[in-house]
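# Tertiary structure, described
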Amino acid sequence: RAMYLPGPHLLEGGHESAGVNTPSTRWFLAEGATGSFFDCFVLLSNPNGSAANVTLTYLRPNGSAIAQPLVMPPNSRSTINIETVAAQLADTAVSTTITSDIGIVAERAMYWPDISVGWIEAHNSFGVTETALRWGVADGRIGGARAHQTYVLLANPNPVPSEVEVTF
């Protein structure tokens, strides 16, 4: 799926996302940010003929969590603007853990700068259904003529600290 943003050029900016193979009762979104520059959304789909009882748990950098219960009607979708859920989520980095009593689909979309000045760029990612001890990424770039920046974004949804080793 591809989405494009309007602007002075035909396709000013946008984002894309691959689909997922199957709905799941657990989703993990490692990255998100809210504040004066970013708009961050969790996107949910309930493709079932019955309602889904969903809990979104927003994990903040200081280790605190904010839970948001949600009932999704059958065959529905929902867009959640994270910064409007609670005052503590209005200007922060955030990860999201999503649980449901039936299989749903989850992804995260971010746009910038803030809609008040007009979105010109975005990125998107579907969630993962399992945490893991090892992850691989295929590409990253830093510096150069265009001053590239690459970020490795991590989340620990567990109640205990974890040690992480990143090898480039």
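You'll find the structure just up there.
Note that the structure is predicted; figures quoted are calculated from it, not measured.

### A few points about a nonpolar patch on the surface
- Residues V152, L154, V164, V166 and F168 make up a contiguous nonpolar surface patch of about 570 Å² in total accessible area.
- Residue placement: F168 occurs in the segment after β9 (121-126).
- Overall, the relative accessible area of 88% leaves F168 in the exposed class.

### So, the environment of S36
- Relative to the elements of secondary structure, S36 occurs in the loop between β3 (24-29) and β4 (39-46).
- Owing to a relative accessible area of 71%, S36 belongs among the exposed residues under this scheme.
- Considering only alpha carbons, one finds S36 and A2, 34 residues apart in sequence, at a separation of 25 Å.

### A closer look at the nonpolar core
- Membership of the largest hydrophobic core comes to 21 residues, with the highest contact counts inside it found for V42, L44, V54, L56, Y58 and I98.
- When contributions to this core are tallied by element, the ones reaching two or more residues are β3, β4, β5 (52-59), β6 (65-72) and β8 (95-112).
- Contact partners of I98, with chain neighbours within four places excluded, come to T25, R26, W27, L29, V42, L44, V54, T55, L56, I104 and A106.

### Let's talk about the side chain of N46
- Mapped onto the elements, N46 comes out in strand β4.
- Exposure remark for N46: the relative accessible area of 1% places this residue in the buried category.
- Engagement of the side chain of N46 in a polar contact is seen with the side chain of N48, the distance being 2.8 Å.
- Within the structure, the side chain of N46 is placed 3.4 Å from the backbone oxygen of M72, a separation counted as a polar contact.
- Excluding residues that lie within four positions of it along the chain, N46 makes contacts with A51, A52, M72, P73, P74, N75, S76, I102, G103 and I104.

Calculation rules
Residues numbered from 1 in each chain as written. Predicted model: local features only at pLDDT ≥ 70, side-chain atom pairs only at ≥ 80, totals over all residues. Heavy atoms only, no water. Patch = residues over 30% accessible without salt bridge, like charges linked within 9 Å, V, L, I, M, F, W, Y side chains within 5 Å. Areas by Shrake-Rupley, 256 points an atom, 1.4 Å probe, with all protein chains shown as cover. Salt bridge = Lys/Arg side-chain N within 4 Å of Asp/Glu carboxyl O. Helix = DSSP H or I, 4+ residues; strand = E, 2+ residues; numbered from the N terminus. Buried < 20%, exposed > 50% of the residue type's maximum accessible area, 1.4 Å probe, protein only. Core = buried A, V, L, I, M, F, W, Y, C linked by side-chain atoms within 4.5 Å. Contact = heavy atoms within 4.5 Å. Polar contact = N/O pair within 3.5 Å; in protein donor to acceptor, adjacent residues only side chain to side chain.

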